[in-house]
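# Descriptive structure summary
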Amino acid sequence: MSPSTGLRKGVVVNIESTLRSVKAAIEDAEMMSGREVSSCWTGIGGSHIEGINSRGVVAVTEKNREISPDDKERVIEVAQKVSIPMDRQVLEVIPQSYIVDNQKGIRNPLNMIGVRLEAEVFIITCSVTSGQNLLNCVNRAGYRVNNLIPKSLAAGRSVLTDEEKDLGVALIDLGGGTTEVMAYSAGSPYSIITIPVGGAQVTSDISIIKSIALDTAERIKIESGCCWEGLLEEDEEIIVPGVGGRSPLPIPRSQLLAIIRPRMEEIFKMVKEKLDKLSQTRPLGGGIVLTGGGALLSGAAELASHVFKLPVRIGNPLSVGGLAEECRTPVYATAVGLVLMGKDKEDNNLKQDGEKGLREKNPSPFGRLKGWISKEFF
Ligand SMILES: Nc1ncnc2c1ncn2[C@@H]1O[C@H](COP(=O)(O)OP(=O)(O)OP(=O)(O)O)[C@@H](O)[C@H]1O
Ligand SMILES: [Mg+2]
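Residues numbered from 1 in each chain as written. Chains lettered and ligands numbered in written order. Predicted model: local features only at pLDDT ≥ 70, side-chain atom pairs only at ≥ 80, totals over all residues. Heavy atoms only, no water.

## Comments concerning the sheet that holds strand E9 (residues 169-174)
- If you walk across this open sheet you meet the 5 strands as E11-E10-E9-E14-E15, and the pairing is mixed. Taken across any chain shown, the strands that pair with only one partner, and hence form the sheet edges, are strand E11 (188-195) and strand E15 (312-314). Direction aside, neighbouring strands of the sheet carry axes that sit 20° apart on average.
- Direction of pairing for E9 relative to strand E14 (residues 288-291): parallel, over a ladder of 4 bridges. Paired with alanine 170 across the strands is isoleucine 288, a residue of E14.
- Helix-sheet contacts for helix H4 (residues 151-159) involve E9, strand E10 (179-185), E11, E14 and E15, and the interaxial angle to E10 is about 60°.
- Here helix H8 (residues 253-279) sits on the sheet in contact with E9, E10, E11 and E14, set at roughly 140° to E11. (Pairing = 2+ DSSP bridges. Helix = DSSP H or I, 4+ residues; strand = E, 2+ residues; numbered from the N terminus. Axes fitted to C-alpha atoms, helices over the stretch in contact; angles between N-to-C directions. Contact = heavy atoms within 4.5 Å.)

Rendered as C-alpha cells:
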C-alpha cells in the first residue's frame with residue numbers, strides 16, 4: 001500500500017506521481033513476499049466505468065444439437081457486438097444466464113440439446129483514454145498489465161458469498177476518492193454505479209470545519225470518527241491539536257459525528273436513489289455489503305442500514321489460504337479480489353487451452369469440415 005496523489009476521483013490526473021505510487025507499492029510487496037513482480041492485474045475505477053446488459057443469439061452448430069464450448073464462445077461474442085462507441089473499451093463480459101430454445105435461466109448450457117442458444121451478458125466498459133493513462137502509469141513504472149479489471153468486480157470476488165449473489169446484493173465499496181457499487185441478481189452482476197465522493201471528502205470536511213491539516217483530520221477520523229449516535233458514550237472528548245500557535249482544543253466526539261454523519265448519509269442516499277431505480281424488479285434479498293476503507297468507520301453499517309432499510313454487513317476478504325490476518329480487512333478487499341480474479345483467469349485460460357488442444361487433436365467430422373470451410377472461404 002502506498003499513498004496516491006496522482007489520482008482524482010479514481011482517475012489518473014498526474015502520470016508521474018501515480019507511477020511513483022505504483023512503483024513504491026509493488027517494491028514494498030516484493031520486499032515483504034520475497035518474490036519478484038513482472039506483471040500485474042490492475043484495478044480500474046471512476047465515473048467513466050459503465051455497465052450495460054446485452055443479449056446475443058446463435059444457432060447450435062453441432063449435428064447432434066449438443067451445445068459445444070464453441071457455441072458458448074460464439075454466443076458471448078455476438079452478445080458483445082452491441083454498438084460500443086469508439087471511445088470505449090470493453091473490460092469484462094460476464095455471462096448472466098443462457099436460454100436454450102425457450103428454457104430460461106440456465107447457468108451452464110454446455111452439452112445440453114437445443115437448436116437455439118441465447119445468452120444474457122453484462123458488459124463493463126471504460127473510457128479508452130482513462131484506461132490508457134492507467135496502463136501507461138503501470139508500464140512506465142516497469143510492469144506489464146495482464147488485464148484492467150473493474151475494481152468493484154474484484155472487491156465482489158473477495159467479499160461476497162455465492163448465496164448473497166443469488167439472493168441479490170449490492171456491494172458498496174467506500175474508497176478514498178470514489179464510492180463504487182456493484183449490484184448482483186440471480187448470481188451475476190447487472191449494474192455498476194460510481195459516486196464521485198469517498199472517504200477523502202469526509203476528511204476534507206473535518207479539516208475545513210476544524211481548521212486543521214488534512215493528515216491530522218485523517219488521523220482524528222480514523223481514531224475517533226463515528227457516524228451513528230447510538231455508538232457514542234456520553235461525554236467522550238477528543239483533543240484537536242492547535243495549528244499555528246493555537247493551543248490544543250478538546251471537543252466532544254458528538255461534534256465530530258455532526259461533521260461526518262451528513263457526508264456519509266449523503267453518499268448512502270445517492271447510492272440508494274440509483275439503486276431504487278434498478279431494484280424494483282430485482283430484490284436485494286442478500287442486503288447490502290460495505291467494503292473499502294470507509295467501511296471501517298465506526299457506525300457505517302448502522303447508518304447504511306438506517307438509510308437502505310436493509311440488513312447490512314461489513315465485507316472482509318473471505319478466507320484465502322495463506323492470507324495474513326492483517327489483510328483480512330475491507331481495506332484490502334479489492335487487492336485480494338484482483339489476485340483471486342487473476343488466478344481465475346489464468347486457470348480458465350489453461351482449461352480453454354486444454355479443451356482446444358483436445359478438440360484439435362481429435363476434431364469431430366463436422367468440426368473438420370467447418371475448419372476446411374473457414375480456411376477456404378473466409
Ligand atoms: N479505520 C478507518 N475509519 C474510517 N475511515 C477509514 C479507516 N481506514 C481507512 N479509512 C478511509 O478509507 C478511505 C480509503 O479506503 P480504501 O483504502 O478502500 O481506498 P482506495 O481503494 O485506495 O481508494 P479508491 O477506491 O477511491 O481508489 C480513506 O478515505 C480513509 O480515510
Ligand atoms: Mg478502492
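## Observations regarding helix H7 (residues 214-224)
- Among the residues making up H7, those that are buried are Thr216, Ala217, Ile220, Lys221 and Ser224. Projected down its long axis, H7 shows its buried positions confined to an angular sector of 135°, all on one face. Those residues of H7 that are exposed and aimed more than 90 degrees away from the buried face are Leu214, Asp215, Ile222 and Glu223.
- Buried residues belonging to H7 abut helix H6 (199-209), strand E12 (237-240) and H8. (Buried < 20%, exposed > 50% of the residue type's maximum accessible area, 1.4 Å probe, protein only. Arc of directions from axis to C-beta.)

## Description of the side chain of serine 224
- Its place among the elements puts serine 224 in helix H7.
- Not counting chain neighbours up to four residues away, the residues in contact with serine 224 comprise Ile238, Arg253 and Leu256.

## Overview of the packing of aromatic side chains
- Per the stated rule, a full pass over the model turns up 1 aromatic pair.
- Here phenylalanine 268 and phenylalanine 308 contribute two aromatic rings whose centre-to-centre distance is 5.9 Å and whose plane-to-plane angle is 65°, an arrangement assigned as edge-to-face. With phenylalanine 268 in helix H8 and phenylalanine 308 in helix H9 (residues 300-308), the pair connects residues that are 40 residues apart, well separated along the chain.
- Overall, the relative accessible area of 0% leaves phenylalanine 268 in the buried class. (Phe/Tyr/Trp six-rings, centres within 6.5 Å; stacked < 30°, edge-to-face > 60°.)

## Considering the packing of H8 against H9
- At a closest axis distance of 10 Å, the pairing of H8 and H9 adopts a crossing angle of 45°. Taken together, the axes of H8 and H9 are oblique relative to one another. Where H8 crosses over H9, the handedness of that crossing is right-handed. Residue-level contacts link Arg261, Met264, Glu265, Phe268, Lys269, Val271, Lys272 and Leu275 of H8 to Ala300, Leu303, Ala304, His306, Val307 and Phe308 of H9.
- Partitioned by chemical class, the residues of the contact of H8 with H9 number 9 nonpolar, 1 polar and 4 charged. (Parallel < 35°, antiparallel > 145°, perpendicular 65-115°, else oblique. Left-handed = near helix turned anticlockwise from the far one by under 90°. Nonpolar A, V, L, I, M, F, W, Y, C, P; charged D, E, K, R; others polar.)

## Structural notes on the packing of H6 against H8
- Direction vectors running N to C along H6 and H8 enclose 145°, while the axes themselves pass 9 Å from each other. Relative to H8, H6 is oriented so that their crossing is right-handed. Contact residues: H6 offers Gln201, Val202, Asp205, Ile206 and Ile209, while H8 offers Leu256, Ile259, Ile260, Arg263 and Met264.
- Its residues placed into classes, the contact of H6 with H8 shows 7 nonpolar, 1 polar and 2 charged.

## Comments concerning the sheet that holds strand E5 (residues 88-100)
- Strand order across the open sheet formed by 4 strands is E4-E7-E5-E6, with antiparallel pairing between neighbours. In this open sheet, the two edge strands, each paired with only one partner strand, are strand E4 (50-59) and strand E6 (103-106). If you compare each strand with its neighbour and ignore which way they point, the axes differ by 35° on average.
- The pairing of E5 with strand E7 (residues 116-127) spans 11 bridges and is antiparallel. Among the inter-strand pairings, serine 97 is bridged to a residue of E7, identified as glutamate 120.
- Of the strands in this sheet, E5 and E7 are in contact with helix H3 (residues 128-140), which crosses E7 at around 65°.

## A short note on a nonpolar patch on the surface
- Residues Met1, Leu296 and Val331 make up a contiguous nonpolar surface patch of roughly 310 Å² in combined accessible area.
- By the element assignment, leucine 296 lies in the loop between E14 and H9. (Patch = residues over 30% accessible without salt bridge, like charges linked within 9 Å, V, L, I, M, F, W, Y side chains within 5 Å. Areas by Shrake-Rupley, 256 points an atom, 1.4 Å probe, with all protein chains shown as cover. Salt bridge = Lys/Arg side-chain N within 4 Å of Asp/Glu carboxyl O.)

## Topic: the site of ligand 1
- With respect to spatial proximity, 17 residues lie near ligand 1, and among them Lys151, Gly177, Glu218, Lys221 and Gly293 are the closest.
- Here an oxygen atom of ligand 1 sits 3.1 Å away from a polar atom, N or O, in the main chain of glycine 176.
- Threonine 178 is positioned such that a nitrogen or oxygen atom in its backbone is 3.2 Å from an oxygen atom of ligand 1.
- When isolated, ligand 1 has an accessible area of 650 Å², and the protein chains bury 75% of it.
- Counting only elements with at least two residues in the shell around ligand 1, the list comes to H6 and H7.
- With 3 residues, the single largest contributor to the shell around ligand 1 is H7.
- Classifying every residue of the shell around ligand 1 by side-chain character gives 6 nonpolar, 8 polar and 3 charged. (Near = heavy atom within 4 Å. Polar contact = N/O pair within 3.5 Å; in protein donor to acceptor, adjacent residues only side chain to side chain.)

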